[in-house]
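Each chain, letter by letter, is given below.
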Amino acid sequence: MNPYITNTDAEVRQMLDIAGVPSIDGLFADIKPKHRPKSFDLPEGLSEYEVVRKVTGLSLKNNVHLVPFLGGGFYDHYIPSAVGMLTSRGEFYTAYTPYQPECAQGTLQSLFEYQSSMCALTGMDVSNASLYDGGTALYEAMMMAMGVTGRSKIIMDGGVSPIYRKILKTYTHHLHYQFEETPVVHGQSSRPEIEKLLDRNTAAVILQNPNFFGAIDDLTDIIEKAHSVGALAIVSVYPVSLGLLKTPGAMGADIVTGEGQSLGLPLNFGGPYLGFMTVRGKYMRKMPGRIVGETVDTQGRRCFVNTLQAREQHIRREKATSNICTNVSLCALQAAIFMSMIGRQGLKEMAQLNLDKAEYAKQEIAKIKGVEVKRSSPTFNEFTICLPKDASDVVGAMIKKGFAAGFPLGRYYKGMEKYLLVAVTEKRTKAEIDAYVKALEETL
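Computed from a prediction, not measured in an experiment: that's the story for all the values here.

Parameters at a glance
Residue numbers run consecutively from 1 along every chain, following the written order of its sequence. Only residues with pLDDT of at least 70 get local features here, since the model is predicted, and only at 80 or more are side-chain atom pairs given and counted; chain-wide, interface and lining totals rely on the full set of residues. Note that water and hydrogens are dropped before the side-chain values are worked out from all heavy atoms of the structure. Both site types are read off a 1 Å grid over the protein atoms alone. A 1.4 Å probe that fits but cannot get out defines a cavity, while an open set with protein on both sides within 12 Å along at least five of seven lines defines a pocket; lining residues have an atom within 4 Å of a point. Grid points are joined across faces, edges and corners, and a volume is the space filled by probe spheres set on the points. Secondary structure elements are defined from DSSP: runs of H or I of at least 4 residues count as helices, runs of E of at least 2 residues count as strands, and each element is numbered from the N terminus. Residue type decides the class: Asp, Glu, Lys and Arg count as charged, Ala, Val, Leu, Ile, Met, Phe, Trp, Tyr, Cys and Pro as nonpolar, and the leftover types, Gly among them, as polar. Relative accessibility thresholds used throughout: buried, under 20% of the residue-type maximum; exposed, over 50%; partly exposed, between the two (1.4 Å probe, protein chains only). The contact rule is simple, with two residues in contact once any of their heavy atoms fall within 4.5 Å. Within 6.5 Å between ring centres, the rings of Phe, Tyr and Trp (the latter by its six-membered ring) count as paired, and their orientation is classed by plane angle as stacked under 30 degrees, edge-to-face over 60, tilted in between. Pairing between two strands is assigned when DSSP locates at least 2 bridges connecting them. With axes taken as lines fitted to C-alpha atoms, and helix axes fitted only over the stretch in contact, angles between N-to-C directions fall between 0 and 180 degrees. If an angle is under 35 degrees, it is roughly parallel; if it is over 145, roughly antiparallel; if it lies from 65 to 115, roughly perpendicular; otherwise it is oblique. The crossing is said to be left-handed when, going from far helix to near helix, the turn is anticlockwise and less than a right angle, and right-handed when the turn is clockwise. Distance thresholds for patches are 9 Å for like charges and 5 Å for nonpolar side chains (Val, Leu, Ile, Met, Phe, Trp, Tyr), applied to residues having over 30% relative accessible area and no salt bridge. Calculation of accessible area relied on Shrake-Rupley with a 1.4 Å probe; when residues are assessed, cover is drawn exclusively from the protein chains displayed. Any carboxyl oxygen of Asp or Glu that lies within 4 Å of a side-chain nitrogen of Lys or Arg is treated as forming a salt bridge with it.

1. Looking at the layout of surface pockets
Step number 1: Reported here for the largest pocket is a volume of approximately 1,000 Å³.
Step number 2: Lining the largest pocket are 36 residues, with Pro68, Leu70, Leu267, Phe269 and Ala404 positioned closest to its centre.
Step number 3: With 3 residues, helix H13 (residues 391–400) is the largest single contributor of residues to the lining of the largest pocket.
Step number 4: In terms of residue class, the lining of the largest pocket is made up of 21 nonpolar, 12 polar and 3 charged.

As structure tokens, this is what we get:
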């Protein structure tokens, strides 16, 4: 018996008899031999000790001790120790889906608090109880805008994360929607190009603030233009930046989405992460996911229930508002605890630290001969620099010096092979920034 597959030969035989097939191969008889895998090339099984030793050895290949100046949508922020401790309490490990409020008041209240915090942070009316991640949340927003307007044209700003744009195009590859992308000019959205494309067939304009190049912008005028032709405005945001920046709600946005990793979730080699979405109250019934609301029970006591659930794929299938709206309650809980602990003033101070340290880094990097810091637009904690050589090569060399130097933009933008996106969070010390600048100068 394999130690990790606990079925005995007798149990396998019993299951095959019930299935009415003579052997394991019989289960796959409908698959033509030419379509079957020739080999999985799997090694022999190992003992538990051998597996632990092997996996530990593999994990040591990761460069986990690099000093990160890497962003591009995911950031190295400080997480108070209490966040992890509180999140891991057994009381929160209740049923995944809190359909029965009498059994899940703790889960429901934590999601209600999360929703309230997200509305306050983005300046919007209604939040759902979370979505899968920032990219799929943006896709959900796009589909929602099409459902609200009955239109099929999307205008997407070139400053939206190229990873998100790829996600949207992948999900809609076989659907009949019209995508129009506008270029970024001097780091910001091109107003003339967007206005040229806006018409009565436009469902939504998709924007991002700060955009992928780190530039911040007041998008109010673009949103007003979108509204003038009956289109919605979707804005993807970096939540920590909202400690200082004008909220998308104040700009007039209709739907706000983003990646919630920076709200107390560690950089876990790609996840799990947290997609958030907030909307205007009038679009609440078109929003994917579930909404937890506050009410009173028959004895007048405060309690919480699933108030609205547009997540209906198990009932309406292709006619559902959403079919990918995976909810990540534990991540939402972690974000809610983080926001509660740091508070409104704490978030402002955290955002200010990010801004100040990034400005110091810009100032010092600009002193390196041959390096240009792009300053056409104001930035938050991330900015673009132009190097005298290929940025991917520089990133590789900087790893050897102990730094994750940034995101080479040539990976997604043709012609920008010498451009590097650098992020500086509140965790970076003056000594680390100075050491980064010194290492970069030596590398060049």
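2. Here's the deal with the environment of proline 266
Step number 1: When you line up the elements, proline 266 lands in the loop between strand E9 (255–259) and strand E10 (275–279).
Step number 2: Residue proline 266 is classed as partly exposed on the basis of its relative accessible area of 32%.
Step number 3: Between the C-alpha atom of proline 266 and that of arginine 302, which follows or precedes it by 36 residues, the distance is 33 Å.
Step number 4: What proline 266 contacts, discounting residues up to four positions off in sequence, is Ile79, Gln261, Tyr273 and Gln334.

3. Section: the packing of aromatic side chains
Step number 1: Scanning the model with the defined rule gives 12 aromatic pairs in all.
Step number 2: Pairing phenylalanine 74 with tyrosine 273 gives two aromatic rings, centres 4.9 Å apart and planes at 25 degrees, and the pair type is stacked. Of this pair, phenylalanine 74 sits in the loop between strand E1 (67–68) and helix H4 (81–87) while tyrosine 273 sits in the loop between E9 and E10, placing them 199 residues apart in sequence.
Step number 3: Under the relative-accessibility criterion, tyrosine 273 is labelled buried at 9%.
Step number 4: Considering the side-chain rings of phenylalanine 112 and phenylalanine 304, the 5.1 Å spacing of their centres and the 45 degrees angle between planes classify their relative orientation as tilted.

4. Notes on the sheet that holds strand E16 (residues 407–408)
Step number 1: Reading across from one edge, E13-E14-E17-E16 is the order of the 4 strands in this open sheet, with antiparallel pairing throughout. Two strands lie at the open edges of the sheet, namely strand E13 (372–373) and E16, each paired on one side alone.
Step number 2: Each of E13 and strand E14 (382–386) touches helix H12 (residues 329–365); the most contacted strand, E14, lies at about 10 degrees to it.

5. Thoughts on the sheet that holds strand E4 (residues 178–182)
Step number 1: Taken in spatial order, the 7 strands line up as E2-E10-E9-E8-E7-E3-E4 in an open sheet, and their pairing is mixed. Because the sheet does not close on itself, it has two edges, and the strands there are strand E2 (126–127) and E4.
Step number 2: Where helix H7 (residues 162–171) meets the sheet, it contacts strand E3 (153–157), E4, strand E7 (202–209), strand E8 (232–237) and E9, and its direction lies at approximately 165 degrees from that of E4.

6. A closer look at the packing of helix H5 (residues 105–122) against H12
Step number 1: Interaxial distance between H5 and H12 falls to 9 Å at its minimum, and their mutual angle equals 50 degrees. Classed by the angle they form, the pair H5 and H12 counts as oblique. As H5 packs across H12, the resulting crossing turns out to be left-handed. Side by side, H5 and H12 meet where Ser110, Leu111, Tyr114, Ser117, Met118 and Leu121 of the first sit next to Ser329, Ala332, Leu333, Ala335, Ala336, Met339 and Leu347 of the second.
Step number 2: Split by residue class, the contact of H5 with H12 holds 10 nonpolar, 3 polar and no charged.

7. Looking at empty space enclosed by the protein
Step number 1: Scanning the model with the defined rule gives 2 cavities of 30 Å³ or more in all.
Step number 2: A volume near 230 Å³ is recorded for the largest cavity.
Step number 3: Along the wall of the largest cavity there are 19 residues; nearest its centre are Gly73, Tyr75, Gln208, Pro210 and Tyr238.
Step number 4: Grouping the amino acids of the lining of the largest cavity by side-chain chemistry returns 8 nonpolar, 9 polar and 2 charged.
Step number 5: Put simply, the second largest cavity is a space of about 50 Å³.
Step number 6: In terms of lining, the second largest cavity is formed by Asp157, Gly187, Gln188, Ser189, Gln208, Asn209, Asn211, Ala215, Ile216, Asp217 and Leu219.
Step number 7: Where the lining of the second largest cavity is concerned, the elements lending two or more residues are strand E6 (188–189) and E7.
Step number 8: Across the lining of the second largest cavity, the residue classes tally to 3 nonpolar, 6 polar and 2 charged.

8. Overview of a nonpolar patch on the surface
Step number 1: Side chains of Ile24, Leu27, Phe28 and Ile31 sit close together on the surface and give an oily, nonpolar patch of about 360 Å² of accessible area.
Step number 2: Within the element layout of this structure, leucine 27 appears in helix H2 (residues 24–27).

9. Some words on the pairing of strand E11 (residues 290–296)
Regular strands show a simple pattern: their side chains alternate between the two faces of the sheet.
Step number 1: As paired strands, E11 and strand E12 (residues 302–309) are joined by 7 bridges and run antiparallel to one another. Along E12, the bridge assignment pairs glutamate 294 with phenylalanine 304.
Step number 2: Counted between consecutive antiparallel strands, the loop separating E11 from E12 contains 5 residues, among which glycine 300 sits at a positive phi close to 80 degrees.

10. A closer look at the environment of valine 279
Step number 1: Assignment of secondary structure puts valine 279 in strand E10.
Step number 2: C-alpha of valine 279 to C-alpha of cysteine 119: the two residues are 160 residues apart in sequence and 8.6 Å apart in space.
Step number 3: Ignoring anything within four residues of it in the chain, the contact list for valine 279 reads Met124, Asp125, Val126, Met144, Asp254, Ile255, Met284 and Met287.

11. What to know about the pairing of E14
Step number 1: A large share of E14 lies buried, amounting to 5 of its 5 residues.
Step number 2: Pairing analysis gives 2 bridges linking E13 to E14, with the strands arranged antiparallel. Counted as the bridge partner of valine 373 is isoleucine 385 from E14.
Step number 3: Judged from the 5 bridges that link them, E14 and strand E17 (residues 419–423) form a sheet pairing that is antiparallel. Paired with cysteine 386 across the two strands is tyrosine 419, which belongs to E17.

The analysis is restricted to geometry; functional conclusions fall outside its scope.
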